[in-house]
Each structure stands twice: as C-alpha cells, then as structure tokens.
Amino acid sequence: MKIALLGYGRMGKAIEAIALQRGHTIVIKTSQDKDYDITTADVAIDFSVPSAAYNNISNCLNHNVPVISGTTGWLEKYNAIVSLCEKQKGAFIYASNFSLGVNIFFELNQYLAKMMAKLEDYKVDIEEIHHTQKLDAPSGTAITLAEGIIQNNKAYNNWELDKAKDAKTIAIEAKRITDVPGTHIISYTSPIDTIKIEHEAHNRQGFALGAVIAAEWIIDKTGVFTMKDVLNIGSL
Ligand SMILES: NC(=O)C1=CN([C@@H]2O[C@H](COP(=O)(O)OP(=O)(O)OC[C@H]3O[C@@H](n4cnc5c(N)ncnc54)[C@H](O)[C@@H]3O)[C@@H](O)[C@H]2O)C=CC1
Ligand SMILES: O=C(O)C1=N[C@H](C(=O)O)C[C@H](O)C1
C-alpha cells in the first residue's frame, strides 16, 4: 500500500516504522501546509495538529483517497467531514485512540457506566495524563470516555475540564507530565470506597499499529467508520 503521512511528528514517525515493517511504502510525508499530490497515495493517515486536520482530511476526500485521522481537538468540524465523505462517496475513519487496549477499555467503561447507573452514592470523574507537548486538553480519549459514560448513565449529561459545575457534569482532570504517552483513569467514588479502571500506554506503538491496521482495512470501502468496525470488537 502507498501511504501518505499527513503529519510527520511523534506519531507520523511511529506509524512510518510500523508501516514499513508491514511491507508498505510511504509516498508523502508532510509536516506543514504545502502542496503535494495526494492522488499518488492509496490511503492517507493524518496525525497532525487540530488546526490542520480538517483541510488535510477534506483534501483526501475531494481526491477520493481513503483517509484515517487520529488528530484530536478538531471535532467541531467532524459533521462537516461526514457530509463531505458521504457526498464524495469516500472512506473515512476518525478515532480518538487507535490502540486495541484503549478500544477494549472503551467497552469496559461503557459496561461499568451501565452498572453504576443504579448506584447513586458513587460519583464519577476522569483523569488523563499526557506529555507536556500535547496541544489539546482534555485528550480526545478522555472525551470519548466521558461520552461513553453519558450514553450509559442518565445521572450525567455533560463533561467539563477541571471542575464539574453541577452533579450531572463529569469532571475531567488533564495532567501534563514529561514523556507520558497517555494514561486514562475512571474513578467512581462513594463515601465508603472508590472503584477505578485505568489504561496506561507504555509507548506509542499501540496507537501506530492500530492506525496502520485501520488504513489496511479501509482500502476499497466506502463510508464513515470507527475503530469498532475495524477491530470487530463485538466478536472479541
Ligand atoms: N488517535 C490516536 O490514537 C492518537 C492521537 N494522537 C493525536 O495525534 C496528533 C499528533 O500527535 P503527535 O504526533 O504526538 O504530535 P506532533 O506535534 O509530534 O506531530 C504533529 C505534526 O503535525 C505537523 N503539522 C503541522 N501542520 C501541519 C499541516 N498543515 N499538515 C500536516 N502536518 C502538519 C507538525 O509539524 C508536526 O510534525 C495529536 O492531535 C494527538 O492528540 C496522538 C497519539 C495517538
Ligand atoms: O497527544 C497524544 O499523545 C495522544 N493523544 C490522543 C488523545 O488525545 O486522546 C491519544 C493518546 O492518548 C495520545
């Protein structure tokens, strides 16, 4: 497969290493807004910056190149991308987190949220820890986790960074510590005890491998997909 890497930072480089190991070729590596011919690629993988993701993804869809995006912090334009993908009969996957481990963690989070819905003494909060170069807060993964709780527990209808403004809001605390690849902790606390589930990435390989697997999967497909489709999580 000929791959375009839109964003060639920490993740772009980790994806390149895994793509080459799996026999793919990198035909475009871009680290800024500059002209390139996206049609030379079979598939594009965007891990760039929040301000660049929409243009990168649109350019692929406008040229009928399937595109995977892991960039976080641009989702106010997600619906516009879905419409463009449908109009162009293109193929697109966004995931706040491409690792298998986090996608299993997303399922656990939803299951636990459902169980805790009946237990009013427990209050939930989310903590995420990332490296100090991260541009966005809270992390895309923490937002997906909060959405998973809200969908499964009527006690919550909103999330907020730092302090929860009322009992129906989930507080997300974002910590920035040198070199941490990504840790997410969900805690349910009552006056009596605390129940916690945690995912800790040891490095970026899980994110990168998941993105390459998604790129391999999306070739020849049409539509807007998620990592749940790629990993066929229901069958695990
Ligand atoms: N979904 C997932 O599994 C994961 C998502 N991420 C997200 O991926 C993004 C990138 O993360 P990192 O690689 O750690 O950041 P990074 O800062 O190391 O790399 C971003 C790269 O994008 C480049 N860039 C800036 N403008 C661009 C443009 N117009 N077109 C193409 N590239 C451009 C920058 O020069 C930089 O090289 C972030 O939004 C991060 O939150 C990170 C890890 C996993
Ligand atoms: O910026 C990062 O590094 C990461 N970003 C993603 C996010 O915002 O959730 C995924 C992962 O946690 C690493």
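Here, residues in each chain are numbered from 1, in the same order as that chain's written sequence. Written order decides the labels, with chains lettered from A and ligands numbered from 1. Residue-level local features of this predicted model are given only where pLDDT is at least 70; pairs of side-chain atoms are given and counted only at 80 or more, and the full residue set underlies all totals for whole chains, interfaces and linings. Side-chain measures were taken over the full set of non-hydrogen atoms in the model, leaving aside hydrogen atoms and water.

Digging into the overall build of the protein
Spelled out, the test is: For helices the rule is a DSSP run of H or I covering at least 4 residues; for strands it is a run of E covering at least 2, with both sets numbered from the N terminus onward. Whether a residue is buried, partly exposed or exposed follows from its accessible area with a 1.4 Å probe, protein chains only, as a fraction of its type maximum: under 20%, in between, or over 50%, in that order. Under the convention used here, a 1.4 Å probe and the Shrake-Rupley method define accessible areas, while residue burial counts only the protein chains that appear. Positive charges come from Lys and Arg alone, negative charges from Asp and Glu alone, with His and the N- and C-terminal ends not counted. A single reference atom marks each charge: NZ on Lys, CZ on Arg, CG on Asp, CD on Glu.
Per the secondary structure count, the protein includes seven helices and eleven strands. Judged by the C-alpha coordinates and their principal axes, the protein covers about 60 × 40 × 35 Å. Counting every position in the protein, which comprises 236 residues, the buried fraction comes to 48%. Summed over all atoms, the accessible surface of the protein reaches about 11,900 Å², with 50% contributed by carbon and sulfur. Each charge class in the protein can be summarised by its mean position, and for the 23 positive and 27 negative side chains these summaries are 2 Å apart.

Notes on the packing of aromatic side chains
Note the threshold: Pairs were defined over the aromatic rings of Phe, Tyr and Trp, the Trp ring being its six-membered one, requiring ring centres within 6.5 Å. Orientation was assigned from the angle between planes: stacked under 30 degrees, edge-to-face over 60, tilted for the rest. Charges are assigned to positions over rings by a cutoff of 6 Å between ring centre and Lys NZ or Arg CZ, combined with an angular limit of 35 degrees from the ring normal.
Tallied over the entire structure, the rule returns seven aromatic pairs. When the ring of Trp74 is compared with that of Tyr78, the centres are 6.3 Å apart and the planes differ by 45 degrees; the resulting orientation is tilted. Here Trp217 and Phe225 contribute two aromatic rings whose centre-to-centre distance is 4.9 Å and whose plane-to-plane angle is 85 degrees, an arrangement assigned as edge-to-face. With relative accessibility at 22%, the residue Trp217 sits in the partly exposed group. Counting every residue linked through ring pairs, the aromatic cluster contains Trp74, Tyr78, Phe92 and Tyr94. Just above the ring of Tyr8 sits the side chain of Lys13; from NZ or CZ to the centre is 5.0 Å. Over the face of the ring belonging to Trp217 we find Lys221, whose NZ or CZ atom lies 4.1 Å from the ring centre.

Description of the domain arrangement of the protein
Basically, it comes down to this: By convention here, the domain bounds are inherited from an automatic or database domain assignment. Residue contacts follow a heavy-atom distance rule, with two residues in contact if any of their heavy atoms lie within 4.5 Å. Salt bridges are defined as contacts in which a side-chain nitrogen from Lys or Arg sits within 4 Å of a carboxyl oxygen from Asp or Glu. Gly is placed with the polar residues, together with every amino acid not listed as nonpolar (Ala, Val, Leu, Ile, Met, Phe, Trp, Tyr, Cys and Pro) or charged (Asp, Glu, Lys and Arg).
Parsing the protein into structural domains produces domain 1 (2–94 + 205–231) and domain 2 (100–201). The distance between the C-alpha centroids of domain 1 and domain 2 comes to 27 Å. In this assembly, nine residues from domain 1 lie in contact with eleven residues from domain 2. Along the contact surface separating domain 1 from domain 2 lie one salt bridge. In this structure, Lys228 and Glu107 form a salt bridge, with 3.5 Å as the shortest nitrogen-oxygen distance. Counting residues per element, the side of domain 1 that touches domain 2 draws most heavily on helix H7 (residues 227–231), which supplies three residues. Here the side of domain 1 that touches domain 2 is built from residues that sort into five nonpolar, two polar and two charged.

Some details on the UniProt feature "domain: Dihydrodipicolinate reductase N-terminal" (unreviewed entry) in the protein
Note the following rule: UniProt positions are given in the numbering used here, feature names are shortened, and annotations may be inferred rather than shown by experiment.
The UniProt record annotates "domain: Dihydrodipicolinate reductase N-terminal" (unreviewed entry) at residues 1–98. Structurally, residues 1–98 comprises 37% helix and 22% strand, and the distance from its first C-alpha atom to its last is 19 Å.

Observations regarding a nonpolar patch on the surface
Let me state the cut-off plainly: Exposure above 30% relative accessible area and no salt bridge define the residues that can form patches, which grow by joining like charges within 9 Å and nonpolar side chains of Val, Leu, Ile, Met, Phe, Trp and Tyr within 5 Å.
Taken together, the side chains of Leu100, Ile104, Leu108 and Leu236 make up a nonpolar region of the molecular surface, amounting to roughly 390 Å² of accessible area. With respect to the helices and strands, Ile104 occurs in helix H4 (residues 100–116).

Notes on the packing of helix H2 (residues 50–62) against helix H3 (residues 78–88)
Formally: Between the N-to-C directions of two axes lies an angle of 0 to 180 degrees, each axis being a line fitted to C-alpha atoms and, for a helix, fitted only over the stretch in contact. Each angle gets one of four labels, with under 35 degrees taken as roughly parallel, over 145 as roughly antiparallel, 65 to 115 as roughly perpendicular, and the rest as oblique.
One way to put it is that H2 packs onto H3 with a least axis distance of 9 Å and a crossing angle of 10 degrees. Taken together, H2 and H3 sit at an angle that is classed as roughly parallel. Residues Tyr54, Ile57, Ser58, Leu61 and Asn62 of H2 touch H3, and the partners they reach there are Ala80, Ile81, Leu84, Cys85 and Gln88. Taken together, the residues of the contact of H2 with H3 break down into seven nonpolar, three polar and no charged.

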